[in-house]
Amino acid sequence: MTDDGVAAAKSALRARMLAARRAVPPQVHDAEARALAGHLQRLAGGARMVCAYLPVGDEPGSAAMLDGLTQRGIRVLLPVVRTEDDGTPLALMWGDYRTGSLVPARFGLLEPAPPWLPAEALAEADLVVVPALALDRRGARLGRGAGFYDRSLLLRRPQIPLVAVVRDEELLDNLPAEPHDVPMTHALMPGKGLVVLECRQPDSGSST
């Protein structure tokens, strides 16, 4: 498949997955969010610092995922989205998560207030939790297409888990992927819990 073909396939699948999420009843979303919070607490284990994100809108999960970690004394960093003047995505910066202290940001997100940590702070995390619209069993991740995470995730320490959060129905057999896509090592789902993926190792020299 050509690069244009992969991009078109991703775009069509992205629209389909977003529509499916909008159709999830609120009570189902809330029950799945509670399950995900419990799974993440067990997964974090003895982690000292976790880079994660705050689910918004129809995304699986809730702030309880983060609160459960901080209540155990785990430091949680959330992404801070910034771009070049021309709109080119930059690697994510990071800020400390504190309940009730987040501020409105671009793309309808909430993010920590300054001061922020540089993108390289990701290398200090013992666990990295990433949003996704879908995954496949090889570790390919379908995001929203901006490219912020692909620019950021290569900064993690080798062997640190990259865990993408999806609904059980969003773990697929095969997804279109491009060379710069950073593969996930695990999927975290409400019903199936933590699933190990057959991830390929990213090419450290690939363009992101």
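Residues numbered from 1 in each chain as written. Predicted model: local features only at pLDDT ≥ 70, side-chain atom pairs only at ≥ 80, totals over all residues. Heavy atoms only, no water.

Attention now goes to the overall build of the protein chain. A count of helices and strands for the protein chain gives 4 helices and 12 strands. The C-alpha radius of gyration of the protein chain comes to 16 Å, within 12% of the 17 Å expected for a compact globule of 208 residues. Expressed as lengths along the three principal axes of its C-alpha atoms, the size of the protein chain is roughly 45 × 40 × 30 Å. Across the 208 residues in the protein chain, those meeting the buried criterion constitute 49%. Relative to all contacts within the protein chain whose residues are 6 or more apart in sequence, the contacts with residues 24 or more apart total 70%. Accessible surface computed for the protein chain: about 10,000 Å², of which carbon and sulfur atoms make up 53%. Taking the average place of the 23 positive charges on the side chains of the protein chain and the average place of its 25 negative ones, the gap between the two points comes to 4 Å. (Helix = DSSP H or I, 4+ residues; strand = E, 2+ residues; numbered from the N terminus. Rg over C-alpha atoms; globule rule 2.2 N^0.38 Å. Buried < 20%, exposed > 50% of the residue type's maximum accessible area, 1.4 Å probe, protein only. Contact = heavy atoms within 4.5 Å. Areas by Shrake-Rupley, 256 points an atom, 1.4 Å probe, with all protein chains shown as cover. Lys, Arg positive; Asp, Glu negative; His and termini not counted. Charge placed at Lys NZ, Arg CZ, Asp CG, Glu CD.)

In this structure, V50, V128, V129, L135, L153 and M184 are the most contacted members of the largest nonpolar core, which totals 49 residues. Those elements that provide at least two residues to this core are helix 2 (26-44), strand 1 (49-51), helix 3 (64-70), strand 2 (75-80), strand 6 (127-131), helix 4 (148-152), strand 9 (162-165) and strand 11 (186-189). (Core = buried A, V, L, I, M, F, W, Y, C linked by side-chain atoms within 4.5 Å.)

Glancing now at helix 2. Because each turn of an α-helix spans 3.6 residues, side chains separated by three or four positions end up pointing in the same direction. Over its 19 residues, helix 2 extends 27 Å from the first C-alpha to the last, a length consistent with the 27 Å expected when each residue adds 1.5 Å. Once helix 2 finishes, G45 follows within two positions and takes phi at roughly 45°, a positive value. (Expected span 1.5 Å × (residues − 1).)

Taking burial as the measure, the 5 residues of strand 6 include 5 buried ones, the bulk of the element. Every second residue of strand 6 is oriented toward a common face, with L127, V129 and P131 on one face and V128 and V130 on the other, all of them buried. Examined bridge by bridge, strand 1 and strand 6 share 2 bridges and lie parallel to one another. Among the inter-strand pairings, C51 is bridged to a residue of strand 6, identified as V128. (Pairing = 2+ DSSP bridges.)

All right, on to the pairing of strand 12 (residues 193-196) then. Of the strand pairs in this sheet, strand 11 and strand 12 are connected by 4 bridges, and their pairing is antiparallel. In the strand pairing of strand 12, A187 is matched with V195. Counted between consecutive antiparallel strands, the loop separating strand 11 from strand 12 contains 3 residues.

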